[in-house]
Amino acid sequence: MTTGLGVAPDSNGSGLDPLTHRRIIKSRWECTGVVCGLDVSGRTDLRYNVAAGCAVTSRGDADGYVEAYWNGGQTPAVPAGDPSNPRIDRIWLKAHDISQGDADNQVVVGVTQGTPAVNPVAPGLPAGCMRLMDMRVPAGATSTQSASRNTSQDFAIPYGASMGILARLAENKDLQASSNPAYTAPFLVGTFKMPTDRNLLLTVYMCVSTPNKDGSKGVATVRFVIDGELYTTRKIEYTDSWKTHECTCSLQLSKGSHTIGVAMFNEQGPGYVTHYGAKSNGDTYVGRVLVVKDEGVAR
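As the structure is a computational prediction, the values presented were derived from the model and not from experiment. (Residues numbered from 1 in each chain as written. Predicted model: local features only at pLDDT ≥ 70, side-chain atom pairs only at ≥ 80, totals over all residues. Heavy atoms only, no water.)

Undergrad: Would you take a moment to explain the sheet that holds strand E10 (residues 148-149) for this structure?
TA: Think of a sheet as strands paired side by side through backbone hydrogen bonds, with each pair either parallel or antiparallel. Spatially, 4 strands are ordered E8-E7-E9-E10 in an open sheet, and the strand pairing comes out antiparallel. Bordering the open sheet on either side are strand E8 (107-112) and E10, each of which pairs with just one other strand. The sheet contact formed by strand E7 (residues 87-95) and E8 spans 6 bridges and is antiparallel. Bridging from a neighbouring strand, Lys94 pairs with Val108 of E8. (Pairing = 2+ DSSP bridges. Helix = DSSP H or I, 4+ residues; strand = E, 2+ residues; numbered from the N terminus.)

Put into C-alpha cells, the structure is as follows:
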C-alpha cells in the first residue's frame, strides 16, 4: 500500500513509491510531449542545440509518466551528410532511471541517425524516449546548420484541456445544380477518438446559391449525423447571391471513437449550387466544410 501524493511516509518509512507517483502524474496528462521550450536547432558543428524546457515522457502506459526538465545543451555529434542523399535525424529526450536499468537518474538528449535516401524517412524512436524534432540533413552537409525541421513538435495536453480541432472535413469542389441530388446520407464523414467524455462544438460552413441569377430563393436542410444516427437539424435560406452560411451545434460525447458526418438536401426552391475556390474577382469560397472542435471535459 502507498500513501497519497502530499502525505508524509509513516513511522515505518512506508510512503509513495515511484511507480505510483508516475501513475499520478499520468492522470494529469492526456498524452506525452513538450510542455515548454526544447526547441531544436542546428549548429556550426555536427551536434544539435536543444533549448531548455520541460517535457512529459513515458516508458509505457503501465509505467506512468515522468515530468522531465532539461537545462539546455547539445546532443552527441552525428556523422556528416551522405555525399548523394539526404537523411532525417530524430532528436529525443529521455528521463533515466537507475531502478529500471539506466546508469544514472539524469535527463538526457540524444539523436537517432536516419538512413540516407532519395526520399528519406525518420528512424524509429528508442524505447522510453520522447521525440523532440525530426531534422532533415541535406546531402553533403558538413554541419547541422544546414539541417531543416522536417516536422513540428508534439505537445503534451493537460487532462481536461481543450484538444482543439479534432476533425476538419472539406468537400473541395463546385457542385452544379445538375449534380445536386438530395443528400440524405452524410457526405462529409470522418472519425476521431477522445480519451474522456468531452464537450464538442460542430460547425459546418457552406457557400451556396440558387443555380441562376433570377431572384429565386430556397431552403436547404442540414443534418448532423453522429455514429450513424441523426443528432440534430438546421435549415438555411439561400438566395441567388453567393453567401457562406454557418450552422453549429453543441453536444457531449462519451470517450472513445466516433464517426461524424453532415447530410444536406434541398427542401424548397430551385435547388442550390455549392461554390468553391478562387473566382476571377479574387474572392475565394469554402465549398462545404465541417469542423469538430473540442471544448473540454464533460462534467
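There is more to say after this.
Undergrad: Looking at this structure, how should I read the layout of surface pockets?
TA: Think of a ball as big as a water molecule: rolled over the atoms, this probe shows where empty space is left. Each pocket or cavity is described by its volume, and for the largest pocket that value is around 230 Å³. Considering the residues around the largest pocket, the lining is formed by 18 residues, among which Pro18, Arg22, Val66, Asp97 and Gln100 are closest to the centre. Mapped by element, the contributors of at least two residues to the lining of the largest pocket are helix H1 (18-26), strand E4 (53-58) and strand E5 (65-70). Ranked by the residues each element gives to the lining of the largest pocket, the list is headed by H1, at 4 residues. (1 Å grid on protein atoms, 1.4 Å probe; cavity = no way out; pocket = protein on both sides within 12 Å on 5 of 7 lines; lining within 4 Å. Points joined across faces, edges and corners; volume = space filled by probe spheres on them.)

Undergrad: Sorry, what's going on with the side chain of Arg90 here?
TA: With respect to the helices, strands and loops of the structure, Arg90 is situated in strand E7. In this structure Arg90 comes out as buried when scored by relative accessible area, which is 15%. A polar contact is formed between the side chain of Arg90 and the backbone oxygen of Pro123, at a distance of 3.2 Å. The contact partners of Arg90, leaving out residues within four places of it in the chain, are Gly110, Val111, Thr112, Ala122, Pro123, Gly124, Leu125, Arg131, Met133 and Asp134. (Buried < 20%, exposed > 50% of the residue type's maximum accessible area, 1.4 Å probe, protein only. Polar contact = N/O pair within 3.5 Å; in protein donor to acceptor, adjacent residues only side chain to side chain. Contact = heavy atoms within 4.5 Å.)

Undergrad: What am I meant to see in the environment of Gly114 here?
TA: For Gly114, the position within the fold is in the loop between E8 and strand E9 (130-137). By relative accessible area, Gly114 is classed as buried at 5%. Not counting residues within four places of it along the chain, the set of residues in contact with Gly114 comprises Arg87, Ile88, Asp89 and Pro123.

Undergrad: Looking at this model, I keep getting lost on the pattern of salt bridges. Mind explaining?
TA: Charged atoms that come close allow side chains of opposite charge to pair. Applying the stated criterion across every chain yields a total of 13 salt bridges. Linking Asp89 and Arg87 is a salt bridge whose minimum nitrogen-to-oxygen distance equals 2.7 Å. In this pair, the class of Asp89 matches that of Arg87, namely buried. A salt bridge links Arg198 to Asp294, with the shortest nitrogen-to-oxygen separation between them at 2.7 Å. Taken as a pair, Arg198 in strand E13 (residues 198-209) and Asp294 in strand E21 (residues 288-297) lie far apart in primary sequence, 96 residues in all. Note on accessibility: Arg198 and Asp294 belong to one class, buried. Taken together, the shared-partner salt bridges connect Arg90, Arg131, Asp134 and Asp154 into one network. (Salt bridge = Lys/Arg side-chain N within 4 Å of Asp/Glu carboxyl O.)

Undergrad: What's the story with unusual backbone geometry in this structure? I'm lost.
TA: For residues other than glycine, phi is negative in most cases, and the peptide bonds are mostly trans. Here the phi dihedral of Leu38 falls at roughly 65°; this positive angle occurs in a residue that is not glycine. In this structure, Leu38 sits in the loop between strand E1 (33-37) and strand E2 (40-42). You can call Leu38 buried: its relative accessible area is 0%.

Undergrad: How should the sheet that holds E4 be read in this particular structure?
TA: One open sheet holds the 3 strands; their spatial order is E1-E4-E5, and the pairing between them is antiparallel. The open sheet has two edge strands with one neighbour each: E1 and E5. Adjacent strand axes in the sheet meet at a mean angle of 20°, parallel and antiparallel pairs treated alike. (Axes fitted to C-alpha atoms, helices over the stretch in contact; angles between N-to-C directions.)

Undergrad: How should I be thinking about the nonpolar core in this particular structure?
TA: The nonpolar side chains of soluble globular proteins are, as a tendency, buried together. Counting 28 residues, the largest nonpolar core has Phe192, Val204 and Met264 as its most contacted members. Mapped onto this core, the elements with two or more residues apiece are strand E11 (165-171), strand E12 (183-194), E13, strand E14 (218-226), strand E15 (229-238), strand E16 (243-253), strand E17 (256-268) and E21. For this core, the element with the most residues is E13, which contributes 5 residues. Beyond its immediate stretch of four places on either side in the chain, Val204 contacts Leu188, Val222, Phe224, His245, Glu246, Cys247, Val262, Val289 and Leu290. Residues Val40, Met130, Leu132 and Met133 belong to the second largest nonpolar core, which totals 21 residues. (Core = buried A, V, L, I, M, F, W, Y, C linked by side-chain atoms within 4.5 Å.)

Undergrad: So what exactly am I meant to see when it comes to the pairing of E13 here?
TA: Consecutive side chains of a regular strand alternate in pointing toward one face of the sheet and then the other. Across the 12 residues that make up E13, a large majority, 9, are buried. Inspection of the sheet shows E13 paired to E16 by 11 bridges, in the antiparallel sense. Each bridged residue has a counterpart across the sheet, and for Thr203 the counterpart in E16 is Thr248. For E13 and E21, the ladder comprises 8 bridges, and the chain directions are antiparallel. Pairing of Leu202 across the sheet is with Val292, part of E21. As judged from the 2 bridges shared by E13 and strand E18 (residues 273-274), these two strands associate in the antiparallel manner. From the neighbouring strand, Val208 faces E18, where its bridge partner is Thr274.

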